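Below, each chain spelled out in residue letters.
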Amino acid sequence: RDLWQRAGEAWKIMRKVAPSTGVSLIVAHGTLGRAMLGTALGLPEQAFRYFAIKNGEVVEVVFPEKSSMGAAGAKWRQVHPTQGPWRLL
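Below you will find a few notes about this structure. It should be emphasised that the depicted structure is a prediction, and the values quoted were computed from it without experimental measurement.

Turning our eyes to something else, we now look at the pairing of strand 2 (residues 75–80). In the sheet, strand 1 (residues 58–62) pairs with strand 2 via 5 bridges, with the strands oriented antiparallel. Counterpart to V58 in the pairing with strand 2 is H80. Where strand 2 hands over to strand 3 (residues 87–88), the hairpin turn is made up of 6 residues, counted between the paired strands.

With that out of the way, let us pick up the pattern of salt bridges. Across all of its chains, the model carries 3 salt bridges by this definition. D2 is paired through a salt bridge with R6; the nearest N and O atoms lie 3.4 Å apart. One end of the pair, D2, and the other, R6, are both in helix 1 (residues 2–17), 4 residues apart, so they sit about a helical turn from each other. Note that E60 and R77 form a salt bridge whose closest N and O atoms lie 3.0 Å from each other. Of the two residues, E60 is situated in strand 1 and R77 in strand 2; the sequence distance between them amounts to 17 residues.

Take the packing of aromatic side chains next. A complete count under the given rule lists 3 aromatic pairs for this structure. Judged by centre distance (5.0 Å) and plane angle (85°), the rings of Y50 and F51 are edge-to-face. Ring geometry for F51 and W76: centres 5.2 Å apart, planes at 75°, overall edge-to-face. In this pair, F51 sits in the loop between helix 2 (30–40) and strand 1 while W76 sits in strand 2, placing the two residues 25 residues apart along the sequence. Comparing F51 with W76, the two get one shared label, buried. Aromatic ring contacts, followed pair by pair, group Y50, F51 and W76 into a single cluster. Lying over the aromatic face of W86, K75 brings its terminal NZ or CZ to 4.6 Å of the ring centre.

The strands that make up a sheet are held in pairs by hydrogen bonds between backbone atoms, and each pair lies either parallel or antiparallel. Ordered by their spatial adjacency, 3 strands build an open sheet running 1-2-3, and the pairing between neighbours is antiparallel. Either end of the sheet is taken by a strand with one partner, and the two such strands are strand 1 and strand 3.

Along the polypeptide, N55 turns up in the loop between helix 2 and strand 1. Sequence separation of N55 and G30 is 25 residues, and the distance between their C-alpha atoms is 4.7 Å. Among all residues touching N55, those that are not within four sequence positions of it are H29 and G30.

Reading the values: rules and limits
- Residues numbered from 1 in each chain as written.
- Predicted model: local features only at pLDDT ≥ 70, side-chain atom pairs only at ≥ 80, totals over all residues.
- Heavy atoms only, no water.
- Pairing = 2+ DSSP bridges.
- Helix = DSSP H or I, 4+ residues; strand = E, 2+ residues; numbered from the N terminus.
- Salt bridge = Lys/Arg side-chain N within 4 Å of Asp/Glu carboxyl O.
- Phe/Tyr/Trp six-rings, centres within 6.5 Å; stacked < 30°, edge-to-face > 60°.
- Buried < 20%, exposed > 50% of the residue type's maximum accessible area, 1.4 Å probe, protein only.
- Lys NZ or Arg CZ within 6 Å of the ring centre and 35° of its normal.
- Contact = heavy atoms within 4.5 Å.

This is how it looks when you write it as structure tokens:
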């Protein structure tokens, strides 16, 4: 629960300081990476185990234009070490 809350707070801070257009890079270990991805997609804590993100992997998240985190239509995919398909939730 604490991890999920910290991930949500981290997103709030990063979205305030990140450029409104373009790409931002966020680096985190696997556990925090799963929490960051889940909170970005607006999922409940129970979704934590849904994602299998390991240390060193790269994940890309795309939000629909003019939307906020957790908005319908957000998608994600693994990019490294292998590129996976886009996934919608």
